[in-house]
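Here is what each chain is made of, one letter per residue.
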Amino acid sequence: MRVMAVDYGEARTGIAVSDESASLVGEAWIIREKNQSAVAEAISAEVLSRNVQTVVVGYPKNMNGTVGPQALKSERLADHLRLICDAEVILWDERMTTVSAHRILDNAGRYGKKRSKSVDAVAASLILESYLSYRKR
């Protein structure tokens, strides 16, 4: 069983997929698309081709727990995925994942264009890692 995590963004969406046993992050990449329907279609195609059973959509609540504009966009994406995918779709609290992704890339010496090409994929990996750890508990 594979699990996919999604870090939905304005211009790029990070995607990470677990290994077959759903215990480790297997691979991560980005989708360069601004249109939400196109993003949902691309995710749906990957779900089908990779035999994903669960899609975890990052839910970027505000630090005080309230739901802001980006979280509402993630809700809409999750709703769209539920209509077109055969996988279970879950919203997952992802506060601070992008900040953590930037910190990881800083420590790896990635700056500028190198960083912008990978920060969303790293954030998706962190979302997936968090969800997989939760499932193990």
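Look up: the structure comes first, before these words.
First things first, this report covers the structure right here in the doc. For clarity, every value in this text was computed on a predicted model and none was experimentally measured. (Residues numbered from 1 in each chain as written. Predicted model: local features only at pLDDT ≥ 70, side-chain atom pairs only at ≥ 80, totals over all residues. Heavy atoms only, no water.)

**Observations regarding the overall build of the protein chain**
Link 1 in the chain: Across its full length, the protein chain holds 5 helices and 5 strands.
Link 2 in the chain: Its helices and strands in sequence order give the protein chain the pattern β-β-β-α-β-α-β-α-α-α, from N to C terminus.
Link 3 in the chain: Relative to its full complement of 137 residues, the protein chain shows a buried share of 42%.
Link 4 in the chain: Sequence separation of 24 or more characterises 60% of the internal contacts of the protein chain that already satisfy a separation of 6 or more.
Link 5 in the chain: A total accessible area of about 7200 Å² is found for the protein chain, and carbon and sulfur atoms account for 51% of it. (Helix = DSSP H or I, 4+ residues; strand = E, 2+ residues; numbered from the N terminus. Buried < 20%, exposed > 50% of the residue type's maximum accessible area, 1.4 Å probe, protein only. Contact = heavy atoms within 4.5 Å. Areas by Shrake-Rupley, 256 points an atom, 1.4 Å probe, with all protein chains shown as cover.)

**Side note on the packing of helix α1 (residues 36–50) against helix α2 (residues 69–84)**
Link 1 in the chain: At a minimum axis distance of 10 Å, the contact between α1 and α2 shows a crossing angle of 50 degrees. Classed by the angle they form, the pair α1 and α2 counts as oblique. By crossing handedness, the relation of α1 to α2 is classed as right-handed. For the pair formed by α1 and α2, the contact residues are Q36, S37, V39, A40, E41, I43 and S44 on the first element and K73, R76, L77, H80, L81 and I84 on the second.
Link 2 in the chain: Classifying every residue of the contact of α1 with α2 gives 6 nonpolar, 4 polar and 3 charged. (Axes fitted to C-alpha atoms, helices over the stretch in contact; angles between N-to-C directions. Parallel < 35°, antiparallel > 145°, perpendicular 65-115°, else oblique. Left-handed = near helix turned anticlockwise from the far one by under 90°. Nonpolar A, V, L, I, M, F, W, Y, C, P; charged D, E, K, R; others polar.)

**Concerning the packing of aromatic side chains**
Link 1 in the chain: Applying the stated rule across the entire model yields 2 aromatic pairs.
Link 2 in the chain: Taken together, a centroid distance of 5.1 Å and an interplanar angle of 90 degrees make the contact between W92 and Y131 edge-to-face. Of this pair, W92 sits in strand β5 (residues 88–93) while Y131 sits in helix α5 (residues 119–136), and the two are 39 residues apart along the sequence.
Link 3 in the chain: The class for W92 is buried, based on a relative accessible area of 16%.
Link 4 in the chain: A network of ring pairs unites the aromatic residues W92, Y131 and Y134 as a single cluster. (Phe/Tyr/Trp six-rings, centres within 6.5 Å; stacked < 30°, edge-to-face > 60°.)

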